[in-house]
2 protein chains.
Amino acid sequence: MNYKLVLQYDGTRYDGWQKQGNTSQTIQGKLEQVLSRLTGEEVEVHGAGRTDAGVHAKGQTANVRLAGVYDAEELKNLMNHYLPEDIEVREAVPVPERFHSRLNAVGKTYAYRLTVDGGKHVFERRFLYLYGKPLHTKAMKRAAEYFVGTHDFRSFCANRRMKKSTVRTIKSITFQETDGILTISFTGDGFLYHMIRILVGTLLEVGEGKRSPDSMEEVLKACNRQAAGPLAPAEGLTLEEVFYQRS
Amino acid sequence: MNYKLVLQYDGTRYDGWQKQGNTSQTIQGKLEQVLSRLTGEEVEVHGAGRTDAGVHAKGQTANVRLAGVYDAEELKNLMNHYLPEDIEVREAVPVPERFHSRLNAVGKTYAYRLTVDGGKHVFERRFLYLYGKPLHTKAMKRAAEYFVGTHDFRSFCANRRMKKSTVRTIKSITFQETDGILTISFTGDGFLYHMIRILVGTLLEVGEGKRSPDSMEEVLKACNRQAAGPLAPAEGLTLEEVFYQRS
């Protein structure tokens, strides 16, 4: 039986989603470890978004095919019992065998949170980039408009050897400021490796007055990572939601 | 010059407010260490509430008398720079020499937060008691009414050798439930050692149906720690605010 899992995690302690060699200190590794022990099967958990080290998730979606048939609610409760306190299975539901969390995803929303006041935000600090200075958000909003739509985002891709298409569609980029925290939310059909963090790093330079909003057009055209701004820190990024076609 | 400090901290890593012997892993210890280094003076920081190990603060208030005269804003910024990321000075203001954060406090609000759903609340888990079951909050509210007013709270005091008065006045106890988190807020003129956590532990037994709301009267009358419920865990407790007379 194929199960869809909706997951939440505090990524602070982890080397990201994807298991790598021997380290089990990844979200995928932890999930597979717990599921293997519970079912006695060798399992592979597929995640919709391969979040980087230090990146969090409020609505990561995954799927796992198990030989046995389990009560989904019981599976969820058992997994939560054995998973560490910073990973939670929020939902577990049986899905058709063909469902694949990544290949079937039609969109995702990521949120990037950073501080624009001088505060230390001691209670939320693990989920924020402590940027700490005011920004020209008006200019950032104008710059962001260049990214909305279908574009070749090669300039915003960290993977130099990317052979597949780097064309993606961003549906919306929204800005919200509350209590000294600026949240920039990105919704799109999919995102390249490091794409959101490079977009944020570039938008920050616009907000600092180092780049003009209109220069974003050239940055996109360049199709060169060097044309864009730096990589923003991982801790500010959260995978908020993964969307699927209603079936 | 005497300075009033308003502080915020994530108490998870600390042995509470009060410095004890050699351990500097206390909030008071950290503040004194940083202030000593900054001023070259031997300093003593007085806190309004001596929060226990693991207890948090959103609005702890302290004062410190320094021989030198410092710009309060600069002092605040320097302290924040040298303090760890889980302690923040939110305000620093010069106050009259006679001001004492604890002796002059006329009231305090503490909030106790616990989960009443089965969720792991991965993002707020450090500031919650993961109780995890539904409660009869109606009964708890009725029970809490017995505590509002001026009473001898000896039954709710962990200090057996308490020779001073154990009479305190609770102004209000309020209940609020949002997204599976129940917040019980206590406002009063002052609280005894462990008083709020024992009140919560007792109220939880009411919410579980193990005690009747009306039995609270007897618990108060008993003036005996054995009559009350268990101590609720520290991580759910936060010192929210300290009140002073308007001068």
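Residues numbered from 1 in each chain as written. Chains lettered and ligands numbered in written order. Predicted model: local features only at pLDDT ≥ 70, side-chain atom pairs only at ≥ 80, totals over all residues. Heavy atoms only, no water.

Draft legend 1. Spatial organisation of helix α4 (residues 195-207) of chain A. Residues and elements named next belong to chain A. Its 13 residues place the ends of α4 18 Å apart at the C-alpha level, agreeing with the 18 Å of an ideal helix rising 1.5 Å per residue. With 13 of its 13 residues buried, α4 lies for the most part within the structure. G209 lies just past α4 and shows a positive phi near 85°. (Helix = DSSP H or I, 4+ residues; strand = E, 2+ residues; numbered from the N terminus. Expected span 1.5 Å × (residues − 1). Buried < 20%, exposed > 50% of the residue type's maximum accessible area, 1.4 Å probe, protein only.)

Draft legend 2. Focus on the UniProt feature "binding site: substrate" (unreviewed entry) in chain A. Residues and elements named next belong to chain A. UniProt records the feature "binding site: substrate" (unreviewed entry) at Y110, using the numbering of this structure. Considering the arrangement of structural elements, one finds Y110 in strand β5 (residues 105-115). For Y110, a relative accessible area of 9% gives the class buried. (UniProt positions renumbered as here; feature names shortened; annotations may be inferred.)

Draft legend 3. Just the environment of R102 of chain A, in detail. All names here are of chain A. Within the secondary structure, R102 is located in the loop between β4 (87-95) and β5. Judged by relative accessible area, which is 34%, R102 ranks as partly exposed. Note: C-alpha distance between R102 and R142 (40 residues apart in sequence) is 31 Å.

Draft legend 4. Representation of the UniProt feature "active site" (unreviewed entry) in chain A in the model. Residues and elements named next belong to chain A. Those residues carrying the UniProt feature "active site" (unreviewed entry) are D52 in this numbering. Summarising the element assignment, D52 is placed in the loop between β2 (45-47) and β3 (56-65). If we skip the residues at most four places from it in the chain, D52 touches G16, Y193, H194 and R197. (Contact = heavy atoms within 4.5 Å.)

Draft legend 5. Local environment of the relation of the copies chain B and chain A. Overlaying chain B with chain A gives an RMSD of 0.0 Å, the required rotation being 180° about an axis along which the chain moves by 0.0 Å. Here the transformation between the copies is reduced to the relation of a two-fold axis. Measuring from the rotation axis to each C-alpha of chain B, the shortest distance belongs to E124 of chain B, at 4.2 Å. Mapped onto chain A, 100% of the interface residues of chain B are again interface residues, and the two copies thus contact each other with one and the same surface. (Least-squares fit on C-alpha atoms with pLDDT ≥ 70 in both.)

Draft legend 6. The arrangement of the interface of chain B and chain A in detail. In this complex, chain B contributes 21 residues to the contact, which on the side of chain A involves 21 residues. Here chain B meets chain A over a buried area of about 1,800 Å², counting both sides, of which 55% is carbon and sulfur. The largest share of the area that chain B buries against chain A comes from K120, F123 and R125 of chain B, three residues that together contribute 41% of it. At the surface where chain B touches chain A, the tally comes to 4 salt bridges. Applying the counting rule to chain B against chain A returns 14 residue pairs in polar contact (both at pLDDT 80 or more). For the side of chain B that touches chain A, the secondary structure elements donating two or more residues are β1 (2-9), β3 (56-65) and β4 (87-95) of chain B. At 3 residues, the largest contribution of residues to the side of chain B that touches chain A is made by β3 of chain B. Grouping the amino acids of the side of chain B that touches chain A by side-chain chemistry returns 8 nonpolar, 5 polar and 8 charged. (Buried area = accessible area lost by both parts, 1.4 Å probe. Salt bridge = Lys/Arg side-chain N within 4 Å of Asp/Glu carboxyl O. Polar contact = N/O pair within 3.5 Å; in protein donor to acceptor, adjacent residues only side chain to side chain. Nonpolar A, V, L, I, M, F, W, Y, C, P; charged D, E, K, R; others polar.)

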